[in-house]
Amino acid sequence: MSPSALCARLKELDTQWFAITDHNSMANCPAYAAVARKAGLYFSWGVEIQTVEEIHLLAYFDDPRGAQAFDQELYQSLLPIENDPDFFGDQVIIDENENILRVESRALINSSIWDITTAVQQVLAFGGLAVPAHIDAEVNSIISQLGFLPPSPDFEILGITARLNLPEYLQQHPELADKAFLRASDAHYLSDLKQGSCTMRVQEATVQEILWAARKLDGRYINNDT
Amino acid sequence: MIKLTEYIAAIGGENHTPALDPDEILISGAYVSDMLSDVMGSAKPEQVWITIMKHLNVIAVASMTGIPAIIFAKGHAPDAAVCDKALEESICLISSKYETFELAGILYKLLGK
């Protein structure tokens, strides 16, 4: 999904705020941030970290400098294995005009050597918000990999897939009743974008506000109804 | 059924829970998986669990399924918090330098299967 095509599609869908969460890298966030700004959309820096337990952990950042510093740490924690473009495609880093700046050779498909606890500590250290991705997914979710949500680290917000029936899910998982949820499209293609969003009442489009909305502070909320 | 002691000897295992006596643990097989949701649904009592997963949740999963011992492959060693919890739950933790395939194969042979 090129930045311009993505932003055009989001405008069609009346989506006002988005993040991209590429696997283990935020190298393409500057291009998307720039195009989003021009399109009048709110954008947050994000990444999907794959921990050593093969849990997918989303991290969102407000401060691009903090995000970039985090991204460098994350990169250092990836196994030094070369990407195989025949299987995984070319990992291109682009600018806002879709020119290819470089090709990332390290395999971003692999796991970080960080375990889930370390990954969360790192995200927090760089000012980010950590959200376990698609907890209802059969693979790469914190629940699929660890059997159930561990008591620590404590997550206030859990990611859910585009199509999950949340009330039904909560009946099966009463232990998650006090959690906040964030529905995401996990879109890899433009056609994935129609489903999988949520509505938030916030004062501004910042990651900090997502956390406050999760806590229902001063009338803020996250609505995951489909 | 064999004693866990015999298996530990065969794999050059290191016992991280020496307060538990592996001579008193009888095993009839193994379950091999690194995905805890899968282990929860499929592992059975009297099986050892062969894995490289070291998260603290392994102890809860072993306890729930009645697994008496976890065998960490490829020299993976659990940290102190995991060992403490294992002692509380009376689950024996063993590390071996062997890979999962070999660990399963050695047990398969020992059991005469």
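Residues numbered from 1 in each chain as written. Chains lettered and ligands numbered in written order. Predicted model: local features only at pLDDT ≥ 70, side-chain atom pairs only at ≥ 80, totals over all residues.

Scanning chain B from terminus to terminus reveals 5 helices and 7 strands. Mapped in sequence order, the helices and strands of chain B form the string β-α-β-β-β-α-β-α-β-α-β-α. In summary, chain B has a C-alpha radius of gyration of 12 Å against a globular reference of 13 Å for 113 residues, a match within 12%. Projected onto its principal axes, the C-alpha positions of chain B cover 35 × 30 × 25 Å. Within chain B, buried positions represent 42% of all 113 residues. Within chain B, contacts between residues at least 6 apart in sequence are counted, and of these 49% link residues at least 24 apart. (Helix = DSSP H or I, 4+ residues; strand = E, 2+ residues; numbered from the N terminus. Rg over C-alpha atoms; globule rule 2.2 N^0.38 Å. Buried ≥ 20, exposed ≤ 12 C-beta atoms within 10 Å, placed from the backbone. Contact = placed C-beta atoms within 7 Å.)

Time to look at helix α8 (residues 207-214) of chain A. Residue and element names in this part refer to chain A. All of the buried residues in α8 are Val207, Ile210, Ala213 and Ala214. Buried positions in α8, seen along its axis, are confined to an arc of 110 degrees and lie on one side of it. Backbone geometry just downstream of α8 places Lys216 in the positive-phi region, at approximately 55 degrees. (Arc of directions from axis to C-beta.)

Right, let's talk about the interface of chain B and chain A for a bit. The interface of chain B with chain A comprises 10 residues on the first partner and 9 residues on the second. Sorting elements by how many residues they give to the side of chain B that touches chain A places helix α2 (residues 36-42) of chain B first, with 4 residues. Its residues placed into classes, the side of chain B that touches chain A shows 7 nonpolar, 3 polar and no charged. (Nonpolar A, V, L, I, M, F, W, Y, C, P; charged D, E, K, R; others polar.)

Bringing the packing of helix α1 (residues 4-11) of chain B against helix α5 (residues 100-110) of chain B into the picture now. All names here are of chain B. Direction vectors running N to C along α1 and α5 enclose 130 degrees, while the axes themselves pass 10 Å from each other. Our classification of the angle between α1 and α5 gives oblique. Here α1 and α5 pass one another in a crossing that is right-handed. Of the residues in α5, those touching α1 at Glu6, Tyr7, Ala10 and Ile11 are Leu103, Ile106, Leu107 and Leu110. When the residues that make up the contact of α1 with α5 are grouped by side-chain class, the tally is 7 nonpolar, no polar and 1 charged. (Axes fitted to C-alpha atoms, helices over the stretch in contact; angles between N-to-C directions. Parallel < 35°, antiparallel > 145°, perpendicular 65-115°, else oblique. Left-handed = near helix turned anticlockwise from the far one by under 90°.)

What follows is about α1(B). Residues and elements named next belong to chain B. When α1 is considered as a whole, its buried residues turn out to be Leu4, Tyr7, Ile8 and Ile11. Taken around the axis of α1, the buried residues stretch over an arc of 100 degrees, which confines them to a single face. In this fold, the buried residues of α1 make contact with β1 (2-3), β2 (14-15), β3 (26-27), β6 (69-72), β7 (92-95) and α5. Looking one or two residues past α1, Gly12 carries a phi angle of roughly 60 degrees, positive in sign.

Here the focus is the sheet that holds strand β1 (residues 17-23) of chain A. In sheet architecture, strand pairing relies on hydrogen bonds along the backbone and comes in two forms, parallel and antiparallel. Residue and element names in this part refer to chain A. Within the open sheet, the 4 strands sit side by side as β1-β2-β3-β6. Their pairing is mixed. The strands lining the two open edges of the sheet, one partner per strand, are β1 and β6 (129-132). Across the sheet, the axes of successive neighbouring strands diverge by a mean angle of 30 degrees, strand direction being ignored. Where β1 meets strand β2 (residues 42-50), 7 bridges bridge the pair, whose relative direction is parallel. Note that in β2 the partner of Thr21 across the bridge is Gly46. Contacting β2 and β3 (56-61), helix α3 (residues 64-76) crosses the sheet at an angle of about 15 degrees to β2. (Pairing = 2+ DSSP bridges.)

We now examine the nonpolar core. Of all hydrophobic cores here, the largest spans 86 residues; its most connected members are A:Ala59, B:Ala69, B:Ile70 and B:Ile71. What B:Ala69 contacts, discounting residues up to four positions off in sequence, is B:Leu4, B:Ile25, B:Ile27, B:Val48, B:Ile91, B:Cys92 and B:Ile94. (Core = buried A, V, L, I, M, F, W, Y, C linked by C-beta atoms within 7 Å.)

Residues and elements named next belong to chain A. Assignment of secondary structure puts Ala19 in strand β1. Between the alpha carbons of Ala19 and Arg183 there is a distance of 12 Å; along the sequence they are 164 residues apart. Not counting the four nearest positions on each side in its chain, Ala19 is found in contact with Phe43, Ser44, Trp45, Gly46 and Tyr60.

Trans peptide bonds make up the majority, and among non-glycine residues the majority have a negative phi. With omega at -5 degrees, the peptide bond leading from A:Ser152 into A:Pro153 counts as cis. Despite not being glycine, A:Glu54 shows a phi value in the positive range, around 65 degrees. In this structure, B:Lys74 is a non-glycine residue whose phi angle is positive, near 55 degrees. One can find B:Lys74 in the loop between β6 and α4 (80-88). Since 13 C-beta atoms lie within 10 Å of it, B:Lys74 is described here as partly exposed.

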